[in-house]
Amino acid sequence: MELHGKCTIFAEGCHGHLAKQLYKRFSLRKDCESQSYGIGIKELWEVLPEKHHPGRIEHTIGWPLDFKTYGGSFLYHLNEGSAPLIAVGLVVGLDYENPFMNPFREFQRFKHHPSVKQIFEGGTRIAYGARALNEGGIQSIPKLTFPGGCLIGCSPGFMNVPKIKGTHNAMKSGSLAAESVFECIVDKNFNSPTVGIEPKTYEERLRSSWVWAELKSIRNIRPSFHSIFGLYGGVAYSAFQMVFRGVEPWTLSHGLPDSHRLKPASQSKPIDYPKPDGKISFDLLTSVALTGTNHESDQPPHLTLKDDSVPVKQNLEIYDGPEQRF
């Protein structure tokens, strides 16, 4: 693929294929930490009217995840139209240790908690979806500009992790990038209009905006869960940072990349998940049918393996094939 624009703005989202090529070609990640990822699983339900409270928001951490695994749930009583809709989901950090962990089945188990199950009894699940999330914060944001383009939104990773909210930051980054690109294009003193434009002021504008201030204020929350105290240490530190708005002079590191934290299957305990009941919890294939995706039966996969031996020699033999679960 060839892009001949004077300046291309890349907004691929989390772990984009083009962005990964740009990181390598222009060494954009040489001065930042490895990105940390999460997976968010979500369902949309139509519940009984008497169980619907428009505007109510509930967030939880902990169960059904163990105290060493970062993650939490969300439950939103939507106020959109006349139907009593609720969006429910679970986010799991992909730096977990146990290769037998299955984020999808953890989410199905979560819905059977007594305080959650009663909300969905008598209701109907009408949609399902999942997506990857960038959770590294400012520690993991790469260089954002290069000759011929820049990165915006969830591609470099502007999500507010504790709030699981990033749309506002993504939109603002796009606006700032557009202003910087326009500034370069209309500059009458720019003598090489056919050469890729690098909107260098974009990064300066972003660092001076409320986007950077917001990300800086919560920068230590996610890595605080990597301590030996796990969930409990992270919660305690998060409370401290929420009160003082990130004014502490230090910045915690994420440490090892997510993939390096996974333990071999021989050192891990298999997890016995309950079978789905078809009313509150469901199997994966039934769920995928509700995603709204559409693929041809003979459509070639867009993902390819660089080394065909890795799935068997490493993933399966050492880690019992975790890719079949996440």
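Backbone-to-backbone hydrogen bonds pair the strands of a sheet. The strands run either parallel or antiparallel. Pairing within the open sheet is mixed, and its three strands lie in the order β1-β8-β7. The open sheet has two free edges, formed respectively by β1 (8-10) and β7 (145-146), since each of these has just one partner strand. Where β1 and strand β8 (residues 149-151) come together, three bridges link them in parallel fashion. Across the sheet, the residue bridging to I9 is C150, located in β8. In this fold helix α1 (residues 17-26) packs onto β1, β7 and β8, with an angle of close to 115° to the strand it touches most, β8.

Here we take up empty space enclosed by the protein. Enumeration over the complete set of coordinates arrives at two cavities of 30 Å³ or more. Of the pockets and cavities examined, the largest cavity occupies roughly 50 Å³. Lining the largest cavity are E135, G136, G137, Q139, V161, P162, I218, R219, I221, R222 and H254. Partitioning the lining of the largest cavity into residue classes produces four nonpolar, four polar and three charged. Volume-wise, the second largest cavity comes out at about 40 Å³. Considered class by class, the residues forming the lining of the second largest cavity number two nonpolar, five polar and two charged.

Inspection of the entire model under this criterion finds zero disulfides. The structure places no disulfide on C32, whose sulfur is separated from the nearest cysteine sulfur, that of C14, by 14 Å. A disulfide-free cysteine, C154 has its sulfur positioned 7.8 Å from the sulfur of C14, the nearest such atom. In this structure C154 comes out as partly exposed when scored by relative accessible area, which is 22%.

The next point concerns the nonpolar core. Counting residues in each nonpolar core, the largest one holds 30 residues, and the members touching the most others are I141, L144, L151, F158, Y202, L206 and L215. Put simply, the parts of the chain that give this core at least two residues each are α1, β8, α4 (167-185), α5 (201-207) and α6 (210-217). When near neighbours in sequence (up to four residues on either side) are disregarded, L206 contacts L144, F158, S173, L176, V211 and W212. Counting residues in hydrophobic clusters, the runner-up holds 24 residues, among them V92, F104, L262 and Y273.

This part takes up unusual backbone geometry. The residue after W63, namely P64, is reached through a cis peptide bond having omega 10°. Here P64 shows up in the loop between β3 (57-61) and β4 (71-77). The residue S27 is not glycine, and still its phi comes out positive at about 55°. Along the chain, the position of S27 falls in the loop between α1 and β2 (37-46).

With respect to the helices and strands, the residue G72 is situated in strand β4. Remark: the alpha-carbon pair of G72 and V92, spanning 20 residues in sequence, is separated by 6.8 Å. Those residues within four positions of G72 in sequence are excluded, and the remaining contacts are T60, I61, L65, G89, L90 and V91.

Strand order in the open sheet made by the five strands is β3-β4-β5-β2-β6, with antiparallel pairing throughout. Bordering the open sheet on either side are β3 and β6 (124-134), each of which pairs with just one other strand. Averaged over all pairs of adjacent strands, the angle between strand axes in this sheet comes to 15°, irrespective of strand direction. In terms of strand pairing, β3 meets β4 through five bridges, oriented antiparallel. Bridge pairing links T60 to S73 in β4. Against the sheet, helix α2 (residues 103-110) engages β2, β3, β4, β5 (85-93) and β6, with an angle of about 135° to β5.

Packing of α4 against α6 brings their axes to within 10 Å, and their N-to-C directions diverge by 145°. As α4 packs across α6, the resulting crossing turns out to be left-handed. Of α6, the residues touching α4 (which contributes H168, N169 and K172) are W210, V211, E214 and L215. Looking at side-chain class alone, the contact of α4 with α6 contains three nonpolar, two polar and two charged residues.

To continue, consider the layout of surface pockets. Put simply, the largest pocket is a space of about 2300 Å³. As for the largest pocket, its lining consists of 37 residues, and the residues nearest its centre are H15, K20, L303, E323 and F326. Among the elements of the structure, α1, β2 and α9 (310-319) are those that each provide at least two residues to the lining of the largest pocket. Take the lining of the largest pocket: its biggest share by element is five residues, from α9. Looking at the lining of the largest pocket residue by residue, the class counts come to 17 nonpolar, 14 polar and six charged. Roughly 540 Å³ of internal volume is contained in the second largest pocket. In terms of lining residues, the second largest pocket is bounded by 21 residues, among which K42, F74, R131, L133 and I164 are the most central. Per element, the largest residue contribution to the lining of the second largest pocket is four residues, and it comes from β6.

About the thresholds
Residues numbered from 1 in each chain as written. Predicted model: local features only at pLDDT ≥ 70, side-chain atom pairs only at ≥ 80, totals over all residues. Heavy atoms only, no water. Pairing = 2+ DSSP bridges. Helix = DSSP H or I, 4+ residues; strand = E, 2+ residues; numbered from the N terminus. Contact = heavy atoms within 4.5 Å. Axes fitted to C-alpha atoms, helices over the stretch in contact; angles between N-to-C directions. 1 Å grid on protein atoms, 1.4 Å probe; cavity = no way out; pocket = protein on both sides within 12 Å on 5 of 7 lines; lining within 4 Å. Points joined across faces, edges and corners; volume = space filled by probe spheres on them. Nonpolar A, V, L, I, M, F, W, Y, C, P; charged D, E, K, R; others polar. Disulfide = S-S within 2.5 Å. Buried < 20%, exposed > 50% of the residue type's maximum accessible area, 1.4 Å probe, protein only. Core = buried A, V, L, I, M, F, W, Y, C linked by side-chain atoms within 4.5 Å. Left-handed = near helix turned anticlockwise from the far one by under 90°.

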